[in-house]
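Now for the letters of each chain:
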Amino acid sequence: MALITYGENISSSLLSTFERNPIFRNVAYFSLEIGISHDLPTYSGGLGILAGDILKSAADLGVPMVAVTLLYRKGYFRQELTPEGQQVERPVEWEPEKLMNKLDNRVTIVLEGRTVQVRAWGYTYMGHSGYPLPIYFLDTDIDANAPSDRSLTWELYGGDNRYRLCQEMILGIAGLRLLRDLGYNNIQTFHLNEGHAGFISLELTRELGYEDFDKVRDDVIFTTHTPVAAGHDYFPYDLITTVIDESNTSTLRRMLGGSGVSMTDLGLKFSRYVNAVSKKHADVSRKMFGTDNVDFITNGVHSTTWTCPGFARLYDRFIPAWRNDPSRLIQAFQLPEEDIWKAHQAAKMRLFARVLEETGVEFDADILTIGFARRAATYKRADLLFTDVKRLLDVGSGQVQFIFAGKAHPHDIPAKGIIKRIIDLSKEIGEVLPIVFLENYNMELAQVLTAGVDVWLNTPIRPREASGTSGMKCVHNGVINFSVLDGWWIEGWIEDTTGWSIGPISQEAELIEYDETQDAIDLYNKLEDKVIPTYYNDRKKWIWMMKSTIALNASYFNTHRVVKEYCEKAYGTIFRGH
Ligand SMILES: *Cc1c(COP(=O)(O)O)cnc(C)c1O
């Protein structure tokens with residue numbers, strides 16, 4: 001992977017790359033989590049990995065961009081599972097010193113009346129064509145700070161609402177001050193990846209003398225990711241006044257009114273452009289926020305990160321331009337059937353070696369294998385498959401094997417219960433229907449899983465999946481999606497061609513409510529009538545579907561297309577193209 005770190009002496013040349021292009025509108029991308037690779041544990045799941053994938057494509061395409069996030073010295077957590085299926089959270093050991101460059105720059109921010117010093121670690125992602133994209137990781141773990149302040153940048157999604165408010169103040173306010181201190185004075189677009197970074201508009205307001213709200217709006221764009229009202233950060237003024245100084249608090253009151261600060265409101269009201277991350281998500285967001293002013297740019301994934309070595313070699317041979325122009329994957333129909341199958345079976349065997357090593361269970365590479373891995377949030381319904389175990393056994397015994405993975409948030413007791421239920425069931429029915437649960441889902445395991453299974457299952461409760469991205473990783477490896485029609489899949493799905501749907505077709509009327517019990521019934525029926533027979537009886541059709549998946553989905557659901565759309569619709573910038 002093209003990763004380099006740099007010394008302080010080179011950072012000034014990076015800056016000049018950024019500033020040298022007056023025709024570009026320079027972009028600063030702010031995200032509470034960024035996932036670049038699994039050895040940088042500064043992400044928890046889809047949001048952070050999407051941020052990383054966008055930055056990688058921006059670097060590949062030469063878009064002038066800089067990114068800011070927090071350091072998280074304790075990472076998210078490493079998941080261990082006891083033999084009884086209980087999740088145990090272990091701290092992640094990692095040494096930023098080894099991967100990043102500690103910068104001398106210091107900025108300050110006042111939190112709870114104390115002056116907190118903030119520094120940053122620099123990390124540069126090198127695009128395919130050698131264009132460097134700097135990422136700054138903010139860190140308060142400095143001798144000069146009080147112990148409780150030093151821990152403010154330790155944990156991702158740890159702590160309470162106060163802790164979160166402090167982190168978001170650090171991201172938005174200290175983050176912008178840090179960029180200014182480094183010399184970034186020529187930024188025309190601040191991109192808020194989710195509302196978490198909304199306090200940027202507060203700091204921009206201060207920079208502009210507290211008057212020019214229109215100018216603030218002109219500099220900010222906002223991407224929302226959460227189609228559930230309860231998922232949006234909200235800080236009541238009772239809390240705000242204990243954490244944030246008086247002048248900033250009164251500015252917030254002038255900006256928003258109301259009885260507290262909704263970070264989504266801050267994003268919606270103080271940006272020139274707002275987008276959701278799929279068409280359906282835009283429909284839901286418009287209803288939820290009561291405004292038509294929400295565009296959509298459907299997510300993607302970074303193609304070369306998520307294509308397994310076997311398929312990458314195949315594409316290199318037949319579609320050489322794919323690496324920096326994944327839209328070329330539209331030519332996948334030309335790939336030889338035999339080569340596709342060999343590349344797929346190689347990825348499957350690599351996954352099965354891992355399954356054997358970690359669980360002692362031996363999987364058969366000639367058996368249809370279905371994968372399900374994502375954060376174990378209850379709305380993702382990892383256990384929908386087990387709604388009617390008898391029916392599942394009738395349909396699948398001896399024909400299907402399942403691989404699960406996913407972390408539950410440490411406070412999410414119901415999600416932990418789902419993990420335990422799957423592990424319990426694997427013991428009960430494993431003899432006839434093999435099921436394994438792999439520990440510690442992270443980017444590395446995701447790469448192996450999204451390439452090595454035959455079918456990728458996704459069964460969220462509609463309309464909670466804003467987009468979803470793991471299915472897009474699969475399509476780069478010819479793995480076929482079998483999913484509830486929500487998020488990106490509504491746009492990528494062609495029945496019997498790119499994959500299969502589960503449950504009713506999406507309609508305006510069921511944006512919020514629908515009969516969820518239908519989904520499990522439909523899942524069993526389709527598994528029985530379509531997925532299993534096609535896999536065993538019509539290999540030619542199966543491989544044609546793999547090709548369709550690559551040609552019609554991977555060519556589109558990639559972050560190169562996403563970044564180009566942001567440039568056209570949101571950034572008002574142009575990319576260099578190579
Ligand atoms: C891709 C990815 C996700 C996001 O998957 P969704 O299908 O969008 O939920 C979460 N965690 C890891 C480790 C991933 O690689």
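### Regarding the overall build of the protein chain
No. 1: Each helix and strand in the protein chain was counted, giving 22 helices and 20 strands.
No. 2: Scaling as 2.2 N^0.38, a compact globule of 578 residues should have a C-alpha radius of gyration of about 25 Å, and the protein chain matches this with 24 Å.
No. 3: The principal-axis extent of the C-alpha atoms belonging to the protein chain is close to 70 × 50 × 45 Å.
No. 4: Burial status across the protein chain gives 61% buried among its 578 residues.
No. 5: For the protein chain, long-range pairs separated by at least 24 residues make up 73% of all intrachain contacts whose partners lie at least 6 apart in sequence.
No. 6: Each charge class in the protein chain can be summarised by its mean position, and for the 60 positive and 75 negative side chains these summaries are 3 Å apart.

### Overview of the site of the ligand
No. 1: The local shell around the ligand holds 14 residues, among which Lys380, Ala446, Thr469, Ser470 and Lys473 are the closest.
No. 2: Between Lys380 and the ligand, the recorded distance is 2.7 Å, taken from a side-chain N or O atom to an oxygen atom.
No. 3: In the model, an oxygen atom of the ligand is placed 2.5 Å from a nitrogen or oxygen of the Ser470 side chain.
No. 4: In isolation the ligand exposes 390 Å². Once the protein is present, 96% of that is buried.

### Some remarks on the layout of surface pockets
No. 1: Approximately 390 Å³ is the volume found for the second largest pocket.
No. 2: In terms of lining, the second largest pocket is formed by 16 residues, of which the most central are Thr359, Ile423, Ser426, Val436 and Phe437.
No. 3: Here the lining of the second largest pocket gathers at least three residues from each of two domains, domain 1 (12–300 + 562–571) and domain 2 (303–557).

### Description of helix 5 (residues 161–182)
No. 1: For helix 5, with 22 residues, the first-to-last C-alpha span of 30 Å sits near the 32 Å given by 1.5 Å per residue.
No. 2: Approximately 30° is the largest bend angle found in helix 5, and it occurs at Ala174.
No. 3: Among the 22 residues in helix 5, 17 count as buried, and that is most of the element.
No. 4: One or two steps after helix 5, the chain reaches Gly183, where phi turns positive at roughly 105°.

### Thoughts on the pattern of salt bridges
Side chains bearing opposite charge may pair, as long as their charged atoms lie close to each other.
No. 1: One pass over the structure, following the stated rule, counts 45 salt bridges.
No. 2: Arg164 is paired through a salt bridge with Glu168; the nearest N and O atoms lie 3.3 Å apart. Within this pair, Arg164 and its partner Glu168 are both found in helix 5, separated by four residues, close to a single helical turn. Note on accessibility: Arg164 and Glu168 belong to one class, buried.

### Remarks on helix 17 (residues 443–452)
No. 1: Counting buried residues in helix 17 gives eight out of ten residues, a clear majority hidden from the surface.
No. 2: All of the buried residues along helix 17 are Met443, Leu445, Ala446, Val448, Leu449, Thr450, Ala451 and Gly452.
No. 3: Taking the backbone nitrogen of Glu444 as reference, a side-chain oxygen 3.0 Å away marks Asn442 as the first, capping residue of helix 17.

### Examining the domain arrangement of the protein chain
No. 1: Assigned domains of the protein chain: these are domain 1 (12–300 + 562–571) and domain 2 (303–557).
No. 2: Relative placement of domain 1 and domain 2: their C-alpha centres are 31 Å apart.
No. 3: Between domain 1 and domain 2, the residue contacts involve 42 residues of the former and 47 residues of the latter.
No. 4: Taken over both partners, the interface formed by domain 1 and domain 2 buries close to 3,400 Å², and the fraction arising from carbon and sulfur atoms is 55%.

### Quick look at the side chain of Gln79
No. 1: As for its placement among the helices and strands, Gln79 is situated in strand 4 (residues 78–81).
No. 2: What makes Gln79 buried here is its relative accessible area of 1%.
No. 3: At 2.9 Å, the side chain of Gln79 forms a polar contact with the side chain of Gln87.
No. 4: Of the polar contacts made by the side chain of Gln79, one reaches the backbone nitrogen of Asn440; its length is 2.8 Å.

### A look at a nonpolar patch on the surface
No. 1: On the surface, a cluster of nonpolar side chains totalling about 350 Å² of accessible area is made up of Phe333, Ile494, Trp544 and Leu552.
No. 2: Structurally, Leu552 can be placed in helix 21 (residues 539–554).
No. 3: Residue Leu552 is classed as partly exposed on the basis of its relative accessible area, which comes to 35%.

### What about the side chain of Thr69?
No. 1: Tracing the sequence through the fold places Thr69 in strand 3 (residues 65–70).
No. 2: A distance of 2.7 Å separates a polar side-chain atom of Thr69 from the backbone oxygen of Ser31.
No. 3: Reaching out from Thr69, the side chain makes a polar contact with the backbone oxygen of Leu32 at a distance of 3.4 Å.
No. 4: Setting aside residues no more than four positions away along its own chain, Thr69 makes contact with Ser31, Leu32, Glu33, Ile34, Ile135, Tyr136, Phe137, Leu138 and Leu171.

### Observations regarding the nonpolar core
No. 1: The biggest cluster of nonpolar side chains holds 91 residues, and the ones touching the most others in it are Ile403, Leu449 and Trp542.
No. 2: Domain assignment of the residues forming this core places at least three in each of domain 1 (12–300 + 562–571) and domain 2 (303–557).
No. 3: The contacts of Leu449, once residues within four sequence positions are left out, are Leu351, Ala373, Ile403, Ala405, Tyr441 and Trp456.
No. 4: With 66 residues, the next largest nonpolar core counts Val118, Cys166, Tyr184 and Phe289 among its residues.

### Description of the environment of Arg106
No. 1: Tracing the backbone through its elements, the reader meets Arg106 in strand 6 (residues 101–111).
No. 2: Residues Arg106 and His411 lie 305 residues apart in sequence; the distance between their C-alpha atoms is 34 Å.
No. 3: Apart from the residues within four sequence positions on either side, Arg106 is in contact with Gln117, Val118, Arg119, Ile142 and Asp181.
No. 4: Only 3.0 Å separates the side chain of Arg106 from the side chain of Gln117, close enough to count as a polar contact.

### A short note on the pairing of strand 5 (residues 87–90)
No. 1: When strand 4 meets strand 5, the two strands line up antiparallel, connected through four bridges. Bridge pairing links Gln79 to Glu89 in strand 5.
No. 2: Counting the residues between successive antiparallel strands, the hairpin from strand 4 to strand 5 contains five residues, one of them, Gly85, with a positive phi of roughly 90°.

### Some details on the sheet that holds strand 19 (residues 480–484)
No. 1: Spatial strand order, 17-16-15-18-19-20: six strands in an open sheet with parallel pairing. Single-partner strands in this sheet number two, and they are strand 17 (435–438) and strand 20 (499–502). Direction aside, the axes of adjacent strands within the sheet are offset by 20° on average.
No. 2: One ladder, built from four bridges, connects strand 18 (residues 455–458) with strand 19; its direction is parallel. Residue Asn458 lies in a different strand from strand 19, and its bridge partner there is Ser483.

### Remarks on unusual backbone geometry
No. 1: Geometrically, the link from Arg462 to Pro463 is a cis peptide bond, its omega value of -5° lying close to zero.
No. 2: Although it is not a glycine, Glu112 adopts a positive phi angle of roughly 50°.
No. 3: For Glu112, the location among the structural elements is in the loop between strand 6 and strand 7 (114–126).
No. 4: Note on Glu112: relative accessible area 26%, which makes it partly exposed.
No. 5: The phi angle at Glu194 is positive, at roughly 80°, despite the residue not being glycine.
No. 6: Looking at the element boundaries, Glu194 is found in the loop between strand 9 (189–193) and helix 6 (200–207).
No. 7: Overall, Glu194 belongs to the buried group, its relative accessible area being 6%.

What counts, and where the lines are drawn
Residues numbered from 1 in each chain as written. Predicted model: local features only at pLDDT ≥ 70, side-chain atom pairs only at ≥ 80, totals over all residues. Heavy atoms only, no water. Helix = DSSP H or I, 4+ residues; strand = E, 2+ residues; numbered from the N terminus. Rg over C-alpha atoms; globule rule 2.2 N^0.38 Å. Buried < 20%, exposed > 50% of the residue type's maximum accessible area, 1.4 Å probe, protein only. Contact = heavy atoms within 4.5 Å. Lys, Arg positive; Asp, Glu negative; His and termini not counted. Charge placed at Lys NZ, Arg CZ, Asp CG, Glu CD. Near = heavy atom within 4 Å. Polar contact = N/O pair within 3.5 Å; in protein donor to acceptor, adjacent residues only side chain to side chain. Areas by Shrake-Rupley, 256 points an atom, 1.4 Å probe, with all protein chains shown as cover. 1 Å grid on protein atoms, 1.4 Å probe; cavity = no way out; pocket = protein on both sides within 12 Å on 5 of 7 lines; lining within 4 Å. Points joined across faces, edges and corners; volume = space filled by probe spheres on them. Domains from an automatic or database assignment. Expected span 1.5 Å × (residues − 1). Bend = angle between axes of the 7 residues up to and from the residue. Salt bridge = Lys/Arg side-chain N within 4 Å of Asp/Glu carboxyl O. Buried area = accessible area lost by both parts, 1.4 Å probe. Patch = residues over 30% accessible without salt bridge, like charges linked within 9 Å, V, L, I, M, F, W, Y side chains within 5 Å. Core = buried A, V, L, I, M, F, W, Y, C linked by side-chain atoms within 4.5 Å. Pairing = 2+ DSSP bridges. Axes fitted to C-alpha atoms, helices over the stretch in contact; angles between N-to-C directions.

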